[in-house]
Amino acid sequence: MLDKTYLPEQVEKKHYSNWEEKNAFAAHTDSKADPYTIMIPPPNVTGSLHMGHALTFTLQDVLIRYNRMKGKDALWQPGTDHAGIATQMVVERQMAENGETRHDYGREKFIEKVWEWKAESGGTITKQLRRLGASLDWEKERFTMDEGLSKAVRKVFVALHKQGLIYRDKRLVNWDPKLHTAISDLEVEQREVNGKMWYFKYPVEGQEGVYVTVGTTRPETMLGDTGVAVHPDDERYADLVGKNVVLPIVGRVIPIVADEYADPEKGTGAVKITPAHDFNDFEVGRRTNLDVINILDLNAKINENAPEAYQGLDRYDARDKVVQEITDLGLFVKVEENLMQVPYGDRSGVVIEPWLTDQWFVDAKTLAKPAIEAVETGKTQFVPKHWENTYYEWMRNIQPWCISRQIWWGHQVPAWYDAEGNIYVEETLEEAQAKAGAGVELTRDSDVLDTWFSSALWPFSTLGWPDQTPELKRYYPTDVLVTGFDIIFFWVARMMMMGLHFMGDVPFTTIYIHALVRDEKGQKMSKSKGNIIDPLDIIAKYGTDSLRFTLAAMAAQGRDIKLAESRVEGYRNFVTKMWNASRYCEMNECHPVENFDPASCNLTVNKWIVGKTLDTADKVSEAIEAYRFNDSANAIYQFAWGTFCDWYLEFSKPILNGDNEEDKAETRATAAWVLDQILHILHPVMPYVTEELYEQLGENRPGLLMLQQWPQGDSSLINEQANQEMDWVVRLITEIRGVRTEMNVPPGAKMPLLVKGSLSDEIGRNGGLIQRMARVSEINSTDDVPKGAVQVIVDDVTYILPLADVVDFAAEKTRLEKVISKLNDEHGKIEKKLANKGFLEKAPQKVVDEQRERQVKITQDLVKQKEALDRLASF
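Values in this document were obtained by computation on a predicted structure and should not be read as measured data.

On to the overall build of the chain, then. The helix and strand inventory of the chain stands at 28 helices and 29 strands. Across its three principal axes, the chain shows a C-alpha extent of roughly 110 × 70 × 55 Å. The proportion of buried residues among the 875 residues of the chain is 53%. Sequence-distant contacts in the chain: of pairs separated by 6 or more residues, those separated by 24 or more amount to 77%. Counting every atom, the chain has about 39700 Å² of accessible surface; 46% of that belongs to carbon and sulfur. Charged side chains of the chain number 102 positive and 134 negative; the gap between the two group centres comes to 4 Å.

Attention shifts here to a negative patch on the surface. A surface patch of like charges, here negative, comprises E108, E112, E116 and E120. Along the chain, the position of E108 falls in helix α5 (residues 107-121).

If you check helix α1 (residues 8-21), its first and last C-alpha atoms are 20 Å apart, about what 14 residues at 1.5 Å a residue would give, namely 20 Å. Of the positions making up α1, those classed as buried are V11, E12, H15, Y16, N18 and W19. All buried residues of α1 project into a common sector of 160 degrees when viewed along the axis, lining one side. Facing away from the buried side of α1, by more than 90 degrees, are the exposed residues Q10, K13 and E21. Note on α1: the residue one or two positions beyond its end, N23, has a positive phi of about 55 degrees.

With that settled, consider the side chain of T690. Along the chain, T690 falls in helix α23 (residues 687-697). According to the relative accessible area criterion, T690 is buried, its value standing at 1%. A distance of 3.0 Å separates a polar atom in the side chain of T690 from a polar atom in the side chain of H683.

Looking at the secondary structure, you find E220 in the loop between β8 (211-216) and β9 (227-230). Residues within four places of E220 in sequence aside, it is in contact with I295, R315, A318, R319 and V322.

The next thing to look at is the packing of aromatic side chains. With the rule as written, the count across this model stands at 37 aromatic pairs. The interplanar angle of 80 degrees and the centroid separation of 4.9 Å between the aromatic rings of Y66 and W710 together place this pair among those described as edge-to-face. Here Y66, found in helix α2 (residues 51-69), pairs with W710, found in the loop between α23 and α24 (720-742); they are 644 residues apart in sequence, far enough to count as distant. Of the two residues, Y66 and W710, both sit in the buried class. Between the aromatic rings of F644 and Y648, the centroid separation amounts to 6.0 Å while the plane-to-plane angle is 20 degrees, which identifies the pairing as stacked. One end of the pair, F644, and the other, Y648, are both in helix α21 (residues 629-656), four residues apart, so they sit about a helical turn from each other. The exposure class assigned to F644 is buried, which follows from its relative accessible area of 0%. Look at Y648 and you get buried, because its relative accessible area is 0%. What links up through ring pairs into an aromatic cluster is the set F549, Y571, F574, Y637 and W641. Between the NZ or CZ atom of R171 and the centre of the ring of F361, over which it lies, the distance is 5.9 Å. Here the guanidinium or amino end of R701 rests over the ring plane of Y694, the centre of that ring lying 3.8 Å away.

Now for the sheet that holds strand β18 (residues 415-417). Neighbouring strands of a sheet are bound in pairs by backbone hydrogen bonds; such pairs are parallel or else antiparallel. Strand order across the open sheet formed by three strands is β19-β18-β20, with antiparallel pairing between neighbours. Across the chains shown, the open sheet's two edge strands, defined by having one partner strand only, are β19 (423-425) and β20 (443-444). Pairing geometry for β18 and β20, over two bridges, is antiparallel. Within β20, the position partnered with Y417 by the bridge is T443.

What follows is about the pairing of strand β23 (residues 508-514). Across the seven residues of β23, six count as buried, placing the element largely inside the fold. Direction of pairing for strand β15 (residues 381-383) relative to β23: parallel, over a ladder of three bridges. Looking at the pairing, F382 lines up with I511 of β23. Where strand β22 (residues 478-484) and β23 come together, six bridges link them in parallel fashion. Looking at β23, one finds that V480 is bridged to T510. Each parallel crossover has a hand, and for β22 linked through helix α16 (residues 488-503) to β23 it is right-handed.

The omega torsion across W465 and P466 is 15 degrees, close enough to zero to call that bond cis. Checked against the element boundaries, P466 lands in the loop between α14 (458-461) and α15 (470-475). Geometrically, the link from Y476 to P477 is a cis peptide bond, its omega value of 0 degrees lying close to zero. As for its position among the elements, P477 is in the loop between α15 and β22. Backbone geometry places H180, a non-glycine residue, at a positive phi of 60 degrees. Counting through the fold element by element, H180 comes out in the loop between β5 (166-176) and β6 (181-183). The backbone of N595 shows a phi angle near 60 degrees, a positive value even though the residue is not glycine. When you line up the elements, N595 lands in the loop between α19 (565-587) and α20 (604-625).

The rules behind each value
Going along each chain's sequence as written, the residues are numbered from 1 onward. Where local features are concerned, this predicted model is filtered to residues with pLDDT of at least 70; where side-chain atom pairs are given and counted, the filter is 80 or more; whole-chain, interface and lining totals use all residues. By convention in this description, side-chain values take in all heavy atoms of the structure and omit both hydrogens and water. Runs of H or I in DSSP of at least four residues are treated as helices and runs of E of at least two as strands, each being numbered from the N terminus. Partly exposed describes any residue whose relative accessible area lies between the buried limit of under 20% and the exposed limit of over 50%, with all areas from a 1.4 Å probe on protein chains only and scaled to the type maximum. We call two residues contacting when some pair of their heavy atoms lies within 4.5 Å. Per-residue and other accessible areas follow the Shrake-Rupley method at a 1.4 Å probe size, with only the shown protein chains counted as cover for residues. His is not counted, nor are the chain ends, whereas Lys and Arg count as positive and Asp and Glu as negative. For this purpose, a charge sits on NZ of Lys, CZ of Arg, CG of Asp or CD of Glu. Residues enter patches when their relative accessible area tops 30% and they take part in no salt bridge; the joining distance is 9 Å for like charges and 5 Å for the nonpolar side chains Val, Leu, Ile, Met, Phe, Trp and Tyr. Any carboxyl oxygen of Asp or Glu that lies within 4 Å of a side-chain nitrogen of Lys or Arg is treated as forming a salt bridge with it. In a helix, the anticipated span is given by 1.5 Å times the number of residues less one. The directions considered for the arc are those from the helix axis to the C-beta atoms. Whenever two N or O atoms come within 3.5 Å, that pair is a polar contact, provided that in protein one can donate a hydrogen and the other can accept it, and provided that, for residues adjacent in sequence, both atoms are side-chain atoms. Stacked, edge-to-face and tilted labels apply to pairs of Phe, Tyr and Trp rings (six-membered ring for Trp) whose centres lie within 6.5 Å, assigned for plane angles under 30 degrees, over 60, and everything in between, in that order. Look at NZ for Lys and CZ for Arg. If either is within 6 Å of the ring centre and within 35 degrees of the ring normal, a charge sits over the ring. Between any two strands, at least two bridges found by DSSP are needed for them to pair. Orient the strands so they point away from the viewer, and a crossover whose first-strand-to-second-strand path over the helix runs clockwise is right-handed.

Here it is in structure tokens:
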């Protein structure tokens with residue numbers, strides 16, 4: 001017998017352990033079934049589950065569980081990313097607590113320490129994924145630094161280098177002056193700050209009293225200026241292009257060049273160009289052949305390329321000194337407040353410098369061409385489709401990819417140098433030594449590779465490449481990648497490039513891009529705002545299934561999720577509803593009947609619910625396969641709670657409490673069969689409660705619910721006559737209930753139901769249900785409409801509800817007039833507010849939107865209340 005209350009924590013631990021023990025998540029390489037593969041976006045080994053994880057892994061698990069039940073050999077490939085900088089920082093912080101640094105250990109010993117940390121603390125995220133119910137094939141778990149993946153990384157690096165697609169170059173990178181490494185764009189956090197814009201005069205060479213005024217937010221970088229750019233169509237500077245200015249303080253003569261980067265409408269229209277310290281300036285410098293002078297060292301202090309008085313100064317101290325010296329020279333024009341975006345390292349928290357340094361780069365432009373074509377020709381499709389525009393924008397304007405990092409934890413670059421600086425790129429030291437010659441002393445490159453480099457190989461390296469394994473042959477290319485839009489550039493595009501280059505095929509045929517999970521007001525979750533919703537807290541409070549269903553039900557394509565705890569609570573009530581419905585079935589002896597044939601049903605109500613069940617299974621299937629997760633969740637929700645619990649179980653009560661044993665047996669078997677189908681359909685999104693109910697409600701089950709077959713639709717079981725009749729019963733009862741609510745009829749009051757004209761056969765067959773569920777005392781035919789009656793029309797038939805004996809019309813009229821007056825007042829206040837220009841200009845957009853939404857709701861309520869008042873006026 002089912003417990004009175006569902007206790008998710010106990011059930012979840014029991015079933016996840018059981019699933020793992022029985023190896024239920026495993027894909028089978030030797031299976032004859034069609035493969036279905038999803039590669040998990042590997043979370044950082046340092047990570048903890050956040051709400052974005054909860055969304056993406058829930059959706060992936062829905063797809064995997066669904067396809068597993070559809071009979072496919074489903075592989076959900078698990079694994080974690082070594083997260084170079086993040087992991088190194090965690091271990092270094094622990095060392096700092098003991099007054100140690102990595103340099104006290106040396107590289108080799110430090111890396112041993114990181115592996116020790118990983119063994120002790122690196123499993124947090126995988127434990128939390130288990131808590132979420134993720135049915136990953138854990139026996140195939142990979143790590144981006146394990147030997148197999150490291151072998152793949154070395155092979156790819158060497159191959160691309162030999163093909164001229166990896167090379168060493170001096171270019172600008174995002175330099176973190178605290179961590180002393182280049183970092184990726186994704187690790188750069190743009191912060192809006194109140195800065196300043198300084199304007200200085202640069203004297204034109206040989207023309208006394210003639211100056212070009214430039215604006216800058218970073219005065220210290222002027223020490224490295226090598227040119228001034230103006231727009232080629234800017235007539236103000238036409239006669240100066242080709243001439244020079246004398247760089248103040250430094251005294252260097254630098255040219256005035258024409259370049260479209262200069263905006264005539266911005267500032268003075270003249271831009272100082274510092275190619276070594278600004279990405280845009282670097283490109284201008286390349287186009288116009290300007291010198292590149294680096295004036296900062298790795299600590300962002302002024303180096304030996306600046307005047308001696310500035311050498312060794314911190315960049316911000318140098319800024320103050322430059323402004324002061326420019327002022328003393330009489331070349332200061334003005335300074336203005338300037339709201340601006342400043343790049344910060346998301347790990348170090350310091351301002352990032354565009355810094356000129358020798359790094360390893362990938363020729364991304366060459367690799368991008370086939371990856372662009374694959375999407376253009378439909379080999380890989382984005383869902384929603386509009387995200388392909390974001391993909392194209394980045395891929396068609398792709399820059400060389402900096403893949404080297406100046407840290408210790410990661411894949412060390414497989415390159416060695418001899419004393420003359422010659423480079424030997426090979427997979428092993430032995431191969432490099434053979435190439436350099438015996439006796440030549442070699443030193444390995446100390447850099448490691450960008451984490452995204454190894455991640456780019458994930459779809460095939462995890463399957464055993466470069467070895468030609470059975471897994472690689474069977475599961476590549478994969479079916480779908482489920483991920484967020486923020487890593488389309490950093491991960492998705494790079495997997496496309498690497499997959500096509502090394503496997504000759506796309507890594508996935510579909511890319512499903514899900515939206516962000518925001519707070520209930522639509523704001524991005526962040527620690528600073530204090531609005532983070534921890535999925536583990538939600539799971540502890542409401543159960544995993546409630547959170548999973550909430551996320552799936554709100555995952556509409558192209559629309560961010562506004563997550564409120566109340567929504568999770570609402571779907572927790574759905575879990576409770578299913579539990580209670582199961583208890584009702586159990587108490588009424590609705591047990592699964594072996595080999596039950598739904599086609600054998602004779603009762604109209606049972607034929608009706610069988611057809612609705614199969615129709616729902618088809619709707620949910622269609623929605624999941626189209627990645628409309630919200631539609632799939634809402635379809636089963638409406639059927640399970642509405643059609644089954646609220647209608648069918650109520651319809652079944654007179655039968656189950658009656659004397660016809662044959663009808664009772666059929667209805668019990670049907671109810672049990674339908675409940676079983678609901679558990680099957682719900683399982684991909686609510687795995688725990690469904691597995692528990694499936695286990696407890698039947699004896700001699702063929703195995704785990706998660707391994708059972710998805711309900712198969714049979715259109716012959718959808719009985720149109722039964723549908724029409726029972727749908728009509730539902731519509732009529734709903735209309736009567738609506739009138740009772742609208743006219744404020746006391747819940748216990750009953751009145752007769754009059755039918756204009758003769759009574760139909762349907763009323764004859766279903767009169768008892770209608771009386772009981774609509775709370776009417778009797779059903780009769782009539783040709784007259786008594787005074788004080790309300791009429792409703794259902795399927796062209798008029799039904800009459802005499803209300804004079806159950807409603808005080810005068811009191812109800814007074815109540816409605818008060819409600820309408822109150823709504824009118826509130827509507828007027830909002831209308832006045834929205835007509836106020838000051839409010840619209842000053843109020844945050846979300847506040848304005850909330851007011852508009854409230855205005856629409858009030859308008860809808862007013863229409864309903866006025867309709868009710870109009871009804872009363874006719875009595």
